[in-house]
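# Remarks on the overall topology
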Amino acid sequence: MRKQTLKKQLIGQFYRGNRMNFALATFVALAVGTLNLIASWLMQQLIDAVSGVPGARSLGSLAQITGGFILLCAALFCVRALAEPRFIARAMRQYKDFAFKKLIGKSISSFRDESAAGYLSALTNDAASIETNYLAQMLAMITKAVTFIGALLLMCRYSLLMTAIAAGLTVLTLIASL
């Protein structure tokens, strides 16, 4: 029970006083996932326009949309370059500070009763792994989830039959690899 409480306290350090940075980084992750969908839609519209599909948008309007899209991408990537590192740096600083305070606050006799290896590991090996495999991947997972769900919805909108066939072929390859 004590170990679970320590784990919750350590995880809580990522967000303590860091909620605005986390919210901004999460917003940017969601927006970047949406950018992927917009890029796919834009390519489809350009192909339709060049192919001469009836009812396709004009190349002039697509050029304007593309220009706006590029500006939006530039703005979001600038915000992302500020928000994600700020969130991760503060989260890791607070995590390490908390773990260090817990370690220093122990008396010499308490090291006989319980192992300090958990604290030492949190300060050394685990910190780098947590930064790259937990915090950064958490934001990347948000982007990937938005892209996946959005792509699936776009596929369903264009053709339910093709979506079902694509999903079936994907499942077949998964089964074959198992």
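Up top is the structure.
Note that the structure is predicted; figures quoted are calculated from it, not measured.

This part covers the overall build of the protein chain. Check the secondary structure of the protein chain and you find seven helices and zero strands. In the protein chain, the order of α-helices and β-strands from amino to carboxyl end is α-α-α-α-α-α-α. When each of the 178 residues of the protein chain is scored for burial, the buried share is 27%. Contacts in the protein chain between residues far apart in sequence, at least 24 positions, make up 76% of those at least 6 positions apart.

On to the pattern of salt bridges. Tallied over the entire structure, the rule returns one salt bridge. Residues Glu84 and Arg80 are paired through a salt bridge, measuring 3.0 Å at the closest nitrogen-oxygen approach. Here Glu84 pairs with Arg80, and both are found in helix α3 (residues 59-104), just four residues apart, close to one helical turn. Taking the relative accessible area as the measure of exposure, Arg80 reaches 25% and is therefore partly exposed.

A separate point is the environment of Phe22. In this fold, Phe22 is placed in helix α2 (residues 19-51). Taking the C-alpha atoms as reference points, Phe22 and Ala91, 69 residues apart in sequence, are found 9.3 Å from one another. If we skip the residues at most four places from it in the chain, Phe22 touches Tyr15, Phe87 and Met138.

As a further point, take the packing of aromatic side chains. On inspection of all chains with the given rule, the structure shows six aromatic pairs. Seen from their ring centres, Phe14 and Tyr134 are 5.7 Å apart, and the 35° between their planes marks the pair as tilted. A residue pair is termed long-range when its members are at least 10 positions apart, and Phe14 in helix α1 (residues 2-15) and Tyr134 in helix α6 (residues 125-158) qualify at 120 residues. Look at Tyr15 and Phe22: their rings are 5.1 Å apart centre to centre, the planes differ by 75°, and that puts the pair in the edge-to-face class. Here a set of aromatic residues connected by ring pairs shows up, and it is made of Phe14, Tyr15, Phe22, Phe87, Tyr95 and Tyr134. The residue whose ring lies beneath Arg157 is Tyr158, and the NZ or CZ to ring-centre distance is 5.5 Å.

Mapped onto the elements of the fold, Asn21 is located in helix α2. We classify Asn21 as buried; its relative accessible area is 16%. Among the polar contacts listed, one links the side chain of Asn21 to the side chain of Asn18, at a separation of 2.8 Å. Filtering out sequence-adjacent residues up to four positions away, Asn21 remains in contact with Ala83, Arg86, Phe87 and Arg90.

This brings us to the nonpolar core. Ranked by size, the top nonpolar core spans 18 residues in total, and within it Leu10, Phe14, Phe87, Met92, Tyr95 and Leu135 carry the most contacts. Elements supplying a minimum of two residues to this core: α1, α3 and α6. Here this core gets eight residues from one element, more than from any other, and that element is α3. Those residues in contact with Phe14 that lie beyond four places of it in its chain are Phe87, Ala91, Met92, Gln94, Tyr95, Ile130, Tyr134 and Leu135.

Residue placement: Leu76 occurs in helix α3. Taking the C-alpha atoms as reference points, Leu76 and Val32, 44 residues apart in sequence, are found 7.3 Å from one another. Leave out the neighbours within four places in its chain, and Leu76 touches Phe27, Val28, Ala31 and Leu35.

Between its terminal C-alpha atoms helix α7 (residues 160-177) stretches 26 Å, which fits the 26 Å expected from 18 residues at 1.5 Å a residue. Burial analysis of α7 places just one of its 18 residues in the buried class, which makes it a mostly uncovered element.

Turning to the packing of α6 against α7, a few remarks are in order. For the pair α6 and α7, the least separation of the axes is 5 Å and the interaxial angle reads 130°. Viewed along their axes, α6 and α7 adopt a mutual orientation that is oblique. Of the residues in α7, those touching α6 at Leu152, Met155, Cys156 and Tyr158 are Leu160, Thr163 and Ala166. Broken down by class, the residue content of the contact of α6 with α7 amounts to six nonpolar, one polar and no charged.

Cut-off values and rules
- Residues numbered from 1 in each chain as written.
- Predicted model: local features only at pLDDT ≥ 70, side-chain atom pairs only at ≥ 80, totals over all residues.
- Heavy atoms only, no water.
- Helix = DSSP H or I, 4+ residues; strand = E, 2+ residues; numbered from the N terminus.
- Buried < 20%, exposed > 50% of the residue type's maximum accessible area, 1.4 Å probe, protein only.
- Contact = heavy atoms within 4.5 Å.
- Salt bridge = Lys/Arg side-chain N within 4 Å of Asp/Glu carboxyl O.
- Phe/Tyr/Trp six-rings, centres within 6.5 Å; stacked < 30°, edge-to-face > 60°.
- Lys NZ or Arg CZ within 6 Å of the ring centre and 35° of its normal.
- Polar contact = N/O pair within 3.5 Å; in protein donor to acceptor, adjacent residues only side chain to side chain.
- Core = buried A, V, L, I, M, F, W, Y, C linked by side-chain atoms within 4.5 Å.
- Expected span 1.5 Å × (residues − 1).
- Axes fitted to C-alpha atoms, helices over the stretch in contact; angles between N-to-C directions.
- Parallel < 35°, antiparallel > 145°, perpendicular 65-115°, else oblique.
- Nonpolar A, V, L, I, M, F, W, Y, C, P; charged D, E, K, R; others polar.

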